[in-house]
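Coordinates in review
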Amino acid sequence: MIRRIRDAVVEVTSHRAMTRDINQAIANGDGEAAASFTSGTGTLRAALTRKGNETRGAEIAEYGERVVNADGHGQRVHRLGHRDS
């Protein structure tokens, strides 16, 4: 039971960072992010439900395709949810 709680906390924490980065990318004028992340899937839904997780995954894949087509590489996608040290 403790392992399941710990895993849920890790999922929520990771998705919280990703949601924050998605929102920041859109706020900074990232057109590919604005076009890709349209479902409004929030942190808890993405972290704790299968449908939310699948929706978030599909949006990330779409964002990746758009970014590679626009930039020629996927560096912006790689940065979602990752913090520089």
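Here's what I pulled together on the structure shown here. One numbering rule holds for all chains: residues counted from 1, following each sequence as written. For a predicted model such as this one, the threshold for reporting local features is a pLDDT of at least 70, and the threshold for listing and counting side-chain atom pairs is 80 or more; totals across whole chains, interfaces and linings nevertheless cover every residue. Remark: hydrogens and water are excluded; side-chain values derive from all non-hydrogen atoms of the structure.

A short note on the overall build of the protein chain
Rules: Secondary structure elements follow DSSP: runs of H or I no shorter than four residues count as helices, runs of E no shorter than two count as strands, and numbering proceeds from the N terminus. Burial classification: accessible surface area is computed with a 1.4 Å probe over protein chains only, and a residue below 20% of its type maximum counts as buried, one above 50% as exposed, and the rest as partly exposed. Accessible surface area values rest on a Shrake-Rupley calculation with a 1.4 Å probe, where residue burial reflects the displayed protein chains alone.
Across its full length, the protein chain carries five helices and zero strands. In sequence order, the secondary structure elements of the protein chain are arranged as α-α-α-α-α. In terms of its C-alpha atoms, the protein chain occupies a principal-axis envelope of roughly 45 × 30 × 20 Å. Relative to its full complement of 85 residues, the protein chain shows a buried share of 27%. With an accessible surface of roughly 5800 Å², the protein chain has 52% of that area assigned to carbon and sulfur atoms.

With respect to the packing of aromatic side chains
In this description, a pair of aromatic rings is defined by centroid distance and the angle of the planes. Going by this rule: In summary, the pairing rule links any two rings of Phe, Tyr or Trp, Trp by its six-membered ring, whose centres are within 6.5 Å, and it sorts them by plane angle into stacked for under 30 degrees, edge-to-face for over 60 and tilted for everything else.
All told, the structure shown has one aromatic pair when counted by the stated rule. Aromatic pair Phe-37 and Tyr-63: ring centres 5.4 Å apart, planes at 55 degrees, arrangement tilted. A residue pair is termed long-range when its members are at least 10 positions apart, and Phe-37 in the loop between helix H2 (31–36) and helix H3 (43–48) and Tyr-63 in helix H4 (residues 50–71) qualify at 26 residues. A residue is classified by how much of its surface remains accessible, and Tyr-63, at 1% relative accessible area, is buried.

A closer look at the packing of helix H1 (residues 2–27) against H4
The condition that has to hold: To define axes, lines are fitted to C-alpha atoms, for helices over the stretch in contact only, and angles between the resulting N-to-C directions are given on a 0 to 180 degree scale. In this scheme, roughly parallel covers angles under 35 degrees and roughly antiparallel covers those over 145, while 65 to 115 is roughly perpendicular and the rest are oblique. Two helices crossing with the near one rotated counterclockwise from the far one by less than a right angle form a left-handed crossing, whereas a clockwise rotation gives a right-handed crossing. We call two residues contacting when some pair of their heavy atoms lies within 4.5 Å. Each residue gets one label: Ala, Val, Leu, Ile, Met, Phe, Trp, Tyr, Cys and Pro are nonpolar, Asp, Glu, Lys and Arg are charged, and the others, such as Gly, are polar.
Contact pair H1 / H4: the axes reach a minimum separation of 13 Å and the direction vectors enclose 40 degrees. Here H4 runs oblique to H1, going by the angle between their axes. Regarding H1 and H4, the two cross each other, and that crossing is left-handed. Residues Glu-11, His-15, Met-18, Thr-19 and Ile-22 of H1 lie in contact with H4, whose contacting residues are Asn-53, Arg-56 and Ile-60. Among the residues making up the contact of H1 with H4, the classes are represented as three nonpolar, three polar and two charged.

Points about the nonpolar core
The criterion, for reference: The nonpolar core is taken to be a set of buried Ala, Val, Leu, Ile, Met, Phe, Trp, Tyr and Cys residues, with the residues joined through side-chain atoms within 4.5 Å.
Listed in full, the nine residues of the largest apolar core are Met-18, Ile-22, Ala-25, Ala-33, Phe-37, Tyr-63, Val-67, Val-77 and Leu-80. The set of elements that each furnish at least two residues to this core consists of H1 and H4. Looking at this core, the element that brings in the most residues is H1, giving three residues. Not counting chain neighbours up to four residues away, the residues in contact with Ile-22 comprise Phe-37, Arg-56 and Leu-80.

Examining the side chain of Thr-43
In this structure, Thr-43 sits in helix H3. The class for Thr-43 is buried, based on a relative accessible area of 17%. With residues up to four places along the chain from it excluded, the contact list for Thr-43 reads Val-12, His-15, Arg-16, Thr-19 and Arg-56.

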